[in-house]
Amino acid sequence: MKIQYFEETDTLYIEFNLSPIVETKELDENIILDLDSRGRVCALTLEHTQERTDIHHFSFEQITSHADVINGYNLKNDKLKTVL
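Here, residues in each chain are numbered from 1, in the same order as that chain's written sequence. For a predicted model such as this one, the threshold for reporting local features is a pLDDT of at least 70, and the threshold for listing and counting side-chain atom pairs is 80 or more; totals across whole chains, interfaces and linings nevertheless cover every residue. Think of the side-chain values as coming from all heavy atoms in the structure, minus any hydrogens and water.

## Some words on the overall build of the chain
(1) Moving on: Here a strand is any run of E in DSSP of at least two residues, a helix any run of H or I of at least four, and the numbering for each starts at the N terminus. Per the secondary structure count, the chain includes 1 helix and 7 strands.
(2) Moving on: When the helices and strands of the chain are listed from N to C terminus, the series reads β-β-β-β-β-α-β-β.
(3) Moving on: Evaluated residue by residue, the chain yields a buried proportion of 26% over its 84 residues.
(4) Moving on: Each accessible area is a Shrake-Rupley estimate made with a 1.4 Å probe; only the visible protein chains count as cover when residues are assessed. When the accessible surface of the chain is summed, it comes to about 6,800 Å², and 52% of that surface belongs to carbon and sulfur atoms. Any residue under 20% of the maximum accessible area for its type is buried, any over 50% is exposed, and the rest in between are partly exposed; the area is computed with a 1.4 Å probe on protein chains only.

Here it is in structure tokens:
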């Protein structure tokens, strides 16, 4: 997954996977969705990002599933994690 923000054009591009794009859908005049041959989302383009989002407060958080955590130990990356 790759996220790019082009400040000059105020465009946000989110690439979810590298599958070949076979279809592009305009959800509205500023949102474009790219799909692969199975209908899965490959990418999303958002124009006029600052008007439509709070791009300056962007953050990313990956949540580990409870199946990957045993007694506070994260099995995927060997880091301790608090489990409620």
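## Structural notes on the side chain of Thr 49
(1) Moving on: Within the secondary structure, Thr 49 is located in helix α1 (residues 49-52).
(2) Moving on: Among the residues examined, Thr 49 registers a relative accessible area of 0% and is labelled buried.

## Observations regarding the pattern of salt bridges
(1) Moving on: We count a salt bridge whenever a side-chain nitrogen from Lys or Arg sits within 4 Å of a carboxyl oxygen from Asp or Glu. Inspection of the entire model under this criterion finds 2 salt bridges.
(2) Moving on: Here Asp 36 ties to Arg 40 by a salt bridge, and the two come within 2.9 Å at their closest N and O atoms.
(3) Moving on: For Arg 40, a relative accessible area of 39% gives the class partly exposed.

## Details of the confidence of the model for the chain
(1) Moving on: The predicted model of the chain averages 83 in pLDDT, with 76% of residues at 70 or higher.
(2) Moving on: The predictor attaches a confidence to each residue, called pLDDT, with possible values from 0 through 100. Contact definition: two residues touch when any of their heavy atoms are within 4.5 Å. The low-confidence segment residues 79-84 (pLDDT under 50) makes 13 contacts with residues lying over four places distant or belonging to another chain.

## Some details on the sheet that holds strand β1 (residues 2-6)
(1) Moving on: Any two strands with at least two DSSP bridges between them are considered paired. As summarised here, the arrangement of the 5 strands in space is β1-β2-β5-β4-β3, forming an open sheet in which the pairing is antiparallel. Two strands lie at the open edges of the sheet, namely β1 and β3 (23-28), each paired on one side alone. Across the sheet, the axes of successive neighbouring strands diverge by a mean angle of 15°, strand direction being ignored.
(2) Moving on: Pairing geometry for β3 and strand β4 (residues 31-35), over 5 bridges, is antiparallel. Across the sheet, Glu 26 pairs through a bridge with Ile 32, a residue of β4. To obtain each axis, a line is fitted to C-alpha atoms, and for helices this fit is confined to the stretch in contact; angles are then taken between N-to-C directions over 0 to 180 degrees.

## Re the side chain of Asp 36
(1) Moving on: Position of Asp 36 relative to the elements: it lies in the loop between β4 and β5 (41-46).
(2) Moving on: Note on Asp 36: relative accessible area 5%, which makes it buried.
(3) Moving on: Reaching out from Asp 36, the side chain makes a polar contact with the backbone nitrogen of Arg 38 at a distance of 2.9 Å.
(4) Moving on: Look past the residues within four positions of Asp 36 in its chain and what remains in contact with it is Ser 19, Pro 20, Val 22 and Cys 42. N or O atoms within 3.5 Å of each other form a polar contact, as long as, within protein, one can give a hydrogen and the other can take it, and as long as residues adjacent in sequence are counted only when both atoms are side-chain atoms.

## A look at the pairing of β4
(1) Moving on: β4 sits mainly inside the fold: 4 of its 5 residues count as buried.
(2) Moving on: Connecting the antiparallel pair β3 and β4 is a turn made up of 2 residues.
(3) Moving on: Taken together, the 5 bridges between β4 and β5 define a ladder with antiparallel strand orientation. Counted as the bridge partner of Leu 35 is Val 41 from β5.

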